[in-house]
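# Working through the structure, step by step
So you can see what is in the structure, the chains are spelled out below.
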Amino acid sequence: MIKKFDKKDEEAGSGSNPFQHLEKSAVLQEARIFNETPINPRRCLHILTKIIYLLNQGEHFGTTEATEAFFAMTRLFQSNDQTLRRMCYLTIKEMANISEDVIIVTSSLTKDMTGKEDVYRGPAIRALCRITDTTMLQAIERYMKQAIVDKVPSVSSSALVSSLHMVKMSYDVVKRWVNEAQEAASSDNIMVQVGMVLVWLFICPPSCFSFIYPCLYHVMFPMHLQYHALGLLYHLRKNDRLAVTKMLNKFTKSGLKSPFAYCMLIRIASKLLEETEGGHDSPLFDFIESCLRNKHEMVVYEAASAIVHMPNCTARELAPAVSVLQLFCSSPKAALRYAAVRTLNKVAMKHPSAVTACNLDLENLITDSNRSIATLAITTLLKTGSESSVDRLMKQISSFVSEISDEFKVVVVQAISALCQKYPRKHSVMMNFLSNMLRDDGGFEYKRAIVDCIISIIEENPESKETGLAHLCEFIEDCEHTVLATKILHLLGKEGPRTPSPSKYIRFIFNRVVLESEAVRAAAVSALAKFGAQNDDLLPSVLVLMQRCMMDSDDEVRDRATFYMNVLQQKQKALNAAYIFNGLSVSVPGLEKSLHQYTLEPSEKPFDMKTVPLATAPITEQKTEIAPVATSKLPEKPAPSRQDIYQEQLAGIPEFQSLGPLFKSSEPVQLTEAETEYVVRCIKHTFATHMVFQFDCTNTLNDQLLQRVLVQMEPSEAYEVVHHVPAPSLPYNQPGSSYTLVRLPDDDPTAVSCTFSCTMKYLVRDCDPNTGEPDDDGYDDEYVLEDLEVTVADHIQKVLKPNFGAAWEEVGDEFEKEETFALASVRTLEEAVNNIVSFLGMQPCERSDKVPENKNSHVLFLAGMNLPDIYFILKGSE
Amino acid sequence: MDSGALEPSLYTVKAVFILDNDGNRLLSKYYDPDLYPSMKEQKNFEKNVFNKTHKADNEIAFLEGMTIVYKSSIDLFFYVVGSAQENELMLMAVLNCLFESLSQILRKNVERRCLLDNLDGVFLVVDEIIDGGVILESDPQQVVEKVNYRADDNPLSEQSVAQVIKNALAFTKALSLIHMHTIYHTLKLFKIL
């Protein structure tokens with residue numbers, strides 16, 4: 001017997017790792033023995049292992065050398081050594097992307113996948129699908145269909161999983177295998193085989209039993225076949241809700257063998273429940289609940305987690321899920337305890353009272369040796385416990401906060417943030433804790449979570465503003481993250497001037513100018529300017545500091561300082577408001593685009609901001625709308641907005657090119673029920689004198705092809721329908737858009753709102769559901785949609801004015817108009833505020849949309865922009 | 001640790017890797033092309049995971065937004081990685097299957113040297129358990145049967161050679177002692193040994 005590893009390897013001084021000092025070139029040299037006859041399986045196997053090991057270590061193989069090795073390897077298919085063949089499959093998979101002409105092995109692999117040796121068949125299918133591209137797929141389609149329904153479960157599973165991988169590459173081809181997948185999933189097939197094997201058992205002598213037993217085992221426990229079939233079927237049908245529902249019904253009734261398949265089924269069911277907003281009395285919910293009594297912990301946990309994640313779950317529906325999670329809390333398995341407490345933590349966010357029953361179990365987990373579990377337990381308790389236990393838990397957590405990973409520190413900070421909203425009186429304890437955490441070491445995400453938390457505390461509790469700002473000032477003294485430093489400087493500029501003693505922040509800000517990088521220095525200069533603009537007594541000293549900044553080595557800092565210096569010296573409130581507090585209210589990508597356009601069409605006129613707001617202002621909407629949701633703590637990217645994309649799409653249609661820049665695009669409005677034959681939603685695009693209605697239509701019938709689809713609109717007011725742009729063709733499940741152009745009435749500027757009755761008209765051609773081949777002739781048909789309304793909000797663009805007071809002053813008294821409206825139908829102030837905001841579609845400023853409790857008057861600041869370039873600002877009080 | 005239910009999908013496993021007790025990669029597979037696409041990012045991630053997990057055998061950790069289940073044996077560390085929302089028990093099932101299967105083909109010698117000596121079998125085991133991130137099989141018995149791989153029956157493996165030499169030495173020592181001392185002394189010596 002040849003020793004597994006040659007002497008050479010042992011002597012290479014590689015210690016106990018025979019692979020440590022492998023040279024790629026040496027290995028490729030060795031690969032030449034693949035060409036020797038007879039093949040030496042042992043040595044070849046070892047070389048293949050080395051090649052795969054090198055690839056695994058990230059060694060780079062050039063295309064030529066990889067191709068050479070690959071072609072040499074193909075010769076090894078002549079050997080019948082099982083392990084060697086299997087390693088060949090692995091090499092093919094590993095090299096599929098680096099070697100050329102890998103399809104050379106297609107015939108060898110198809111031979112193996114249809115051959116007699118079951119051991120080869122599954123792996124051969126997986127390797128084959130790895131090297132198959134769209135052009136080759138047709139050629140192997142027949143074999144794949146056969147393999148999916150093969151009686152050997154491992155072959156069938158391999159075929160199903162490989163098909164799933166190929167869906168990404170070629171959905172249309174794989175879709176044709178749905179029937180085979182269905183057959184594989186149904187248990188009849190399996191039962192027949194069980195019967196056959198039992199017959200074999202009876203007629204064979206006992207000596208054959210050792211041969212039969214593995215077969216029996218295969219047939220009786222094809223654990224994952226259904227799981228894989230289910231996964232593929234769902235993936236192919238997920239857009240067809242009816243088919244998914246049918247599939248669910250079938251599987252939930254027949255029962256499954258694999259716990260994985262149950263988990264998959266639970267996920268599909270809960271997704272369907274969420275989409276259909278089905279009530280919790282539906283059979284799907286019953287199914288999920290029944291899984292709480294499954295014998296596999298995996299399934300029980302999946303079901304509990306699905307229930308917990310459902311929106312609008314009542315405490316009663318949660319109770320059984322919570323009680324199984326409670327049981328898991330005392331499991332000896334760390335993973336199960338972790339899973340349970342992680343999920344309970346999630347429950348506690350929305351339904352703290354539902355978790356109180358588990359408090360005792362959670363207390364026991366505080367001392368868990370797995371710190372992740374302990375942290376989750378404490379943060380859960382912080383959410384469910386009473387105000388009195390907060391101090392004790394905070395002390396406990398600070399004892400090991402340094403031991404846990406950054407991810408969990410973020411969880412702790414989030415828990416504190418939630419706590420502050422719940423118990424505002426505790427903010428001083430929290431603030432202390434946070435400032436201590438801020439001083440510790442930690443990564444960027446962690447620091448940002450703390451800073452965000454402190455900022456939200458400051459915004460919620462005015463009395464904590466000064467301590468909070470003081471902590472943040474201390475933090476930026478030694479802060480390595482530019483983003484956080486600029487964020488804090490911006491906040492200081494916004495909040496600092498309005499505190500009782502603004503002068504103390506100046507020192508912190510100016511220190512930044514002296515010590516930091518360019519970006520931070522520039523932010524510091526902007527912050528300084530805001531102090532100068534709002535505090536007259538500080539103005540002279542700010543001007544002196546600005547003077548120094550004008551000598552800065554960086555262009556941006558110098559420019560900012562010069563600009564602010566000049567503005568401040570004018571000592572005019574209106575200038576200050578326009579150029580220092582409220583700055584530019586256009587978004588950066590929008591401005592970039594219009595500037596680019598300007599450079600493309602050189603003109604005599606200078607670039608005027610006033611001429612572009614119509615082009616750029618719509619984009620600000622995107623930003624301001626994100627702002628309230630910014631709690632998701634994602635960095636706002638200056639990516640092109642939704643509106644930008646629409647603008648580009650509309651500009652591509654010749655009929656709409658003369659309309660001018662897009663002013664505003666509305667959110668999509670559904671014009672059909674979600675589960676009808678055709679799904680239509682409408683987006684309203686407002687232009688200066690026209691409106692374009694974009695109808696996004698989806699045809700959910702797979703036996704129909706719709707052509708020349710347009711939407712007929714009947715206006716109730718003096719709106720005039722000018723033009724239709726039909727969608728040329730709507731094949732099954734591929735959304736298309738049809739447009740209708742409407743002219744706004746110009747004689748009556750008050751006629752802003754209008755109701756349109758809509759009808760979709762189209763030509764139907766029946767077609768074959770499988771091939772999508774349509775019949776030659778079709779017939780006209782129509783489909784009535786729901787009415788579409790145009791309201792005031794469609795004509796108004798939101799504008800964010802960070803400093804509302806200054807903007808109000810800037811407009812001046814002569815444009816002020818006062819009127820009193822009585823809102824009879826609303827009962828609470830909060831309701832009134834919400835209604836006004838959504839009716840007018842304007843931007844609430846300075847958080848004035850939040851109504852403090854127990855007040856009977858409230859001032860709401862709204863800012864917006866109307867079509868003909870008029871800003872208007874509304875100050876309402878009740 | 002964002003909430004949100006999982007999109008129903010078979011792609012459960014994001015990555016699987018085996019490290020030695022210095023944190024060096026012995027085998028690793030990444031199944032999600034968006035997750036750590038470059039080798040450098042992968043090795044950084046492995047280093048980070050290893051540093052956070054090799055001291056305490058805690059079974060489960062949450063790092064860089066990933067749920068990681070792990071297990072160690074002598075001088076080896078096995079890791080299975082899934083998304084933050086993934087069912088932890090599914091990942092555990094994969095980890096257990098990997099460990100049990102390897103334990104069987106390596107004849108319970110789940111240690112670095114033995115693993116490297118049978119690396120081809122190890123590659124095949126991983127290939128049978130996970131295919132492109134989809135769990136193919138979770139029963140170690142089935143995996144071992146499909147891989148059909150036996151570790152070498154090599155009586156003179158490094159460890160056993162040492163054992164044989166040690167025994168031989170002890171035997172000659174004992175023989176010489178018989179000549180020099182009484183049987184009583186020999187027995188006493190054995191007692192001390």
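Residues numbered from 1 in each chain as written. Chains lettered and ligands numbered in written order. Predicted model: local features only at pLDDT ≥ 70, side-chain atom pairs only at ≥ 80, totals over all residues. Heavy atoms only, no water.

Counted only if it meets this: UniProt positions are given in the numbering used here, feature names are shortened, and annotations may be inferred rather than shown by experiment.
Identification of chain B as Coatomer subunit zeta from Pygocentrus nattereri is taken from an unreviewed UniProt entry. Heading Subunit (unreviewed entry) of the UniProt record for chain B holds this comment: "Oligomeric complex that consists of at least the alpha, beta, beta', gamma, delta, epsilon and zeta subunits."

Where an unreviewed UniProt entry is consulted, chain A appears under the name Coatomer subunit gamma, with the organism given as Pygocentrus nattereri. Under the heading Sequence similarities (unreviewed entry), UniProt records this for chain A: "Belongs to the COPG family."

## Let's talk about the interface of chain B and chain A
Counted only if it meets this: The criterion used for residue contact is that any of the two residues' heavy atoms lie within 4.5 Å. For any pair of parts, buried area is found by adding up, for both, the accessible area (1.4 Å probe) each one loses once the two are put together. The salt bridge definition used is simple: a Lys or Arg side-chain nitrogen within 4 Å of an Asp or Glu carboxyl oxygen. Here a polar contact means two N or O atoms within 3.5 Å. Within protein one must be a hydrogen donor candidate and the other an acceptor candidate, and residues neighboring in sequence count only if both atoms are side-chain atoms. Note on conventions: DSSP H or I runs of at least 4 residues are helices, E runs of at least 2 residues are strands, and numbering of each starts at the N terminus. Residues are sorted three ways: Asp, Glu, Lys and Arg are charged, Ala, Val, Leu, Ile, Met, Phe, Trp, Tyr, Cys and Pro are nonpolar, and all the rest, Gly among them, are polar.
Between chain B and chain A, the residue contacts involve 63 residues of the former and 66 residues of the latter. Around 6000 Å² of area is buried between chain B and chain A when both sides are counted, 55% of it from carbon and sulfur atoms. The closest approach of N and O atoms between Asp 127 of chain B and Arg 126 of chain A, which form a salt bridge, is 3.0 Å. The interface formed by chain B and chain A contains 25 residue pairs in polar contact (both at pLDDT 80 or more). Those elements giving two or more residues to the side of chain B that touches chain A turn out to be strand E2 (25-30), helix H1 (39-53), strand E3 (60-63), helix H2 (88-105), helix H3 (112-117), helix H4 (119-129), strand E7 (134-135) and helix H5 (140-147) of chain B. The leading source of residues in the side of chain B that touches chain A is H4 of chain B, at 6 residues. Residues that form the side of chain B that touches chain A fall into these classes: 26 nonpolar, 15 polar and 22 charged.

## Details of the confidence of the model for chain B
All names here are of chain B. Counted only if it meets this: How sure the predictor is of each residue is captured by pLDDT, a score from 0 to 100.
A residue-level look at chain B finds 75% of positions with pLDDT of 70 or above and a mean pLDDT of 81. Confidence drops under pLDDT 50 across residues 154-160; counting only partners more than four residues distant or on other chains, this segment forms 3 contacts. Interface confidence in the predicted complex, given as ipTM, is 0.80; pTM for the same model is 0.65.

## Side note on the packing of helix H25 (residues 406-422) of chain A against helix H27 (residues 444-460) of chain A
Residues and elements named next belong to chain A. Keep this limit in mind: Interaxial angle, 0 to 180 degrees, is taken between N-to-C directions of lines fitted to C-alpha atoms, where a helix line uses only the stretch in contact. Convention used here: angles under 35 degrees read as roughly parallel, angles over 145 as roughly antiparallel, angles from 65 to 115 as roughly perpendicular, and any remaining angle as oblique.
Look at H25 against H27: their axes get within 9 Å of each other, and the N-to-C directions meet at 5°. Judged on the interaxial angle alone, H27 and H25 are roughly parallel. Along its contact with H25, which presents Asp 406, Lys 409, Val 410, Val 413, Ile 416, Ser 417, Cys 420 and Gln 421, the element H27 presents Glu 445, Tyr 446, Ala 449, Ile 450, Cys 453, Ser 456, Ile 457 and Glu 460.

## Points about the sheet that holds strand E4 (residues 66-73) of chain B
Residues and elements named next belong to chain B. For the record, the criterion: Only strands that DSSP links by at least two bridges are regarded as paired with each other.
Reading across from one edge, E2-E1-E5-E4-E3 is the order of the 5 strands in this open sheet, with antiparallel pairing throughout. Edge positions in the sheet fall to E2 and E3, since each of these pairs with one other strand and no more. Between one strand axis and the next, the sheet turns through 20° on average, direction left out of account. Where strand E1 (residues 15-20) and strand E5 (residues 76-83) come together, 6 bridges link them in antiparallel fashion. Its bridge partner being in E5, Ala 15 is matched across the sheet by Val 81. Lying over the sheet, H4 contacts E1 and E2, oriented at roughly 25° with respect to E2.

## Let's talk about the pattern of salt bridges
Put simply, the rule reads: Residue exposure (1.4 Å probe, protein chains only): buried if accessible area is under 20% of the type maximum, exposed if over 50%, otherwise partly exposed.
Here the structure, examined in full by the defined rule, presents 37 salt bridges over all chains. For Glu 302 of chain A, the salt bridge goes to Arg 267 of chain A, with nearest N and O atoms at 3.0 Å. Of the two residues, Glu 302 of chain A is situated in helix H18 (residues 297-309) and Arg 267 of chain A in helix H16 (residues 259-276); the sequence distance between them amounts to 35 residues. Judged by its relative accessible area of 6%, Glu 302 of chain A is buried. Among the salt bridges present, the one from Glu 445 of chain A reaches Arg 448 of chain A, with a minimum N-O distance of 3.2 Å. You can see Glu 445 of chain A and its partner Arg 448 of chain A sitting in helix H27, 3 residues apart, about one turn around the helix. Overlapping salt bridges, with partners in common, bring together Arg 86, Lys 93 and Arg 126 of chain A together with Asp 127, Glu 128 and Asp 131 of chain B in one network.

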